[in-house]
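Coordinates in review
Read off the chains here:
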Amino acid sequence: MNRIVVVTVGKTHSGKTTFANQLESLLKHTIIIDQDNHAQFINTYYKSLRPKEGPNTLKYAVSQTIVDYAVNQTDYHLVLCNSNLTRNGRMDLLDYFRRKGFITILVYFDIPNDVLHLRIKESQRSKDIFRSASTFEDVLVRQQKIEDLAPKISEADHLFVVSRNEEDVPMVIKKITEITKFGF
């Protein structure tokens, strides 16, 4: 079986989690690894261990442990449902999976900022994942400052873009399921 890793790239409220859940429901033998779940777990049970400043290294360590376990102890396809907005971080992640023999797939959610602001305004998502931001608007403002977040085709074996067009998601999911069947 050709194992794949799907790495989502996009700002808050761009549809990464919804996409991951749809893909998982249609692609057998797939697991979602979502750092928001890890952040919520840490904030609930280990809040005092969180770093006070800088990157949330505890969250990254929990996520990496789960990824390592899934890679080395299972034969699941993986969907990494994180923002993955920085190119260097993405490249390190993709290199790790290539070394492990995975077919790498990036799905970039290129949703206009006005749509994201509207989605945030209407959102009912829990804020229990936050450490340094207080609202999803704060997260979006911080993410808008990241330059050159759009992935390049050379970063992964496959790159798909989801835009405002709702037809993009079923088409991307169909192409990903074909990759798992045929390995190309």
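A short tour of the structure in this document, coming up. Keep in mind that what you see is a predicted model, and the values were worked out from it rather than measured. (Residues numbered from 1 in each chain as written. Predicted model: local features only at pLDDT ≥ 70, side-chain atom pairs only at ≥ 80, totals over all residues. Heavy atoms only, no water.)

Turning our attention to the overall build of the protein. Counting secondary structure elements, the protein contains seven helices and five strands. Counted from the first residue to the last, the protein has its helices and strands arranged as β-α-β-α-α-β-α-β-α-α-β-α. Out of the 184 residues belonging to the protein, those deemed buried represent 45%. Across the protein, the fraction of contacts at a sequence separation of at least 24, relative to all contacts at a separation of at least 6, is 78%. Total accessible area on the protein stands at roughly 10,300 Å², and carbon and sulfur atoms take up 51% of it. (Helix = DSSP H or I, 4+ residues; strand = E, 2+ residues; numbered from the N terminus. Buried < 20%, exposed > 50% of the residue type's maximum accessible area, 1.4 Å probe, protein only. Contact = heavy atoms within 4.5 Å. Areas by Shrake-Rupley, 256 points an atom, 1.4 Å probe, with all protein chains shown as cover.)

Our next topic: the sheet that holds strand β2 (residues 30-33). Here five strands make up an open sheet; going across it, the order is β2-β3-β1-β4-β5 and the pairing parallel. Both outer strands of the open sheet, β2 and β5 (158-162), are each paired with one neighbouring strand and no more. Direction aside, the axes of adjacent strands within the sheet are offset by 20° on average. Across three bridges, the pairing between strand β1 (residues 4-10) and strand β3 (residues 77-80) is parallel. Bridge pairing in β3 places Val7 opposite Leu80. In this fold helix α1 (residues 16-26) packs onto β1, β2, β3 and β4 (103-109), with an angle of close to 160° to the strand it touches most, β1. (Pairing = 2+ DSSP bridges. Axes fitted to C-alpha atoms, helices over the stretch in contact; angles between N-to-C directions.)

The next subject is the pattern of salt bridges. Considering all chains together, one arrives at four salt bridges under this definition. Residues Glu155 and Arg87 are paired through a salt bridge, measuring 2.7 Å at the closest nitrogen-oxygen approach. In this pair, Glu155 sits in the loop between α6 (136-144) and β5 while Arg87 sits in helix α4 (residues 87-99), placing the two residues 68 residues apart along the sequence. One salt bridge in this structure joins Arg90 and Glu155, with 2.8 Å as the shortest N-O distance. (Salt bridge = Lys/Arg side-chain N within 4 Å of Asp/Glu carboxyl O.)

Let us look at the nonpolar core. Among the nonpolar cores identified, the biggest contains 23 residues, and Ile4, Val6, Phe19, Leu23, Ile105, Val107 and Ile176 are the most heavily contacted of them. Breaking this core down by element, the ones donating at least two residues are β1, α1, β4, α5 (113-122), β5 and α7 (168-182). Considering every element that reaches this core, the biggest residue donor is α7, with five residues. Residues in contact with Val6, not counting those within four places in the same chain, are Phe19, Leu23, Leu78, Val79, Leu80, Ile105, Val107 and Ile176. In terms of nonpolar packing, the next biggest core, distinct from the first, is built from 18 residues, Val5, Ile33, Leu93 and Tyr96 among them. (Core = buried A, V, L, I, M, F, W, Y, C linked by side-chain atoms within 4.5 Å.)

With that settled, consider unusual backbone geometry. Even without being glycine, His13 reaches a positive phi, approximately 65°. Mapped onto the secondary structure, His13 falls in the loop between β1 and α1. Judged by its relative accessible area of 11%, His13 falls in the buried class. Residues other than glycine seldom take positive phi values, yet His29 does so here, at roughly 65°. Note on placement: His29 falls in the loop between α1 and β2. Take His29: its relative accessible area is 37%, and that puts it in the partly exposed class.

Quick look at the side chain of Asp168 now. Take Asp168: it is sitting in helix α7. This buried residue, Asp168, is left without a salt bridge; Lys175 holds the nearest opposite charge, at 9.0 Å. Apart from the residues lying within four places of it in its own chain, the contact partners of Asp168 are Val161, Val162 and Ser163. (Lys, Arg positive; Asp, Glu negative; His and termini not counted.)

The subject of this paragraph is the packing of α1 against α7. α7 packs onto α1 with a crossing angle of 45° between their chain directions and a minimal axis gap of 10 Å. Classed by the angle they form, the pair α1 and α7 counts as oblique. Seen from above, α1 lies across α7 with right-handed handedness. Along its contact with α1, which presents Phe19, Gln22, Leu23 and Leu26, the element α7 presents Val169, Val172, Ile173 and Ile176. Taken together, the residues of the contact of α1 with α7 break down into seven nonpolar, one polar and no charged. (Parallel < 35°, antiparallel > 145°, perpendicular 65-115°, else oblique. Left-handed = near helix turned anticlockwise from the far one by under 90°. Nonpolar A, V, L, I, M, F, W, Y, C, P; charged D, E, K, R; others polar.)

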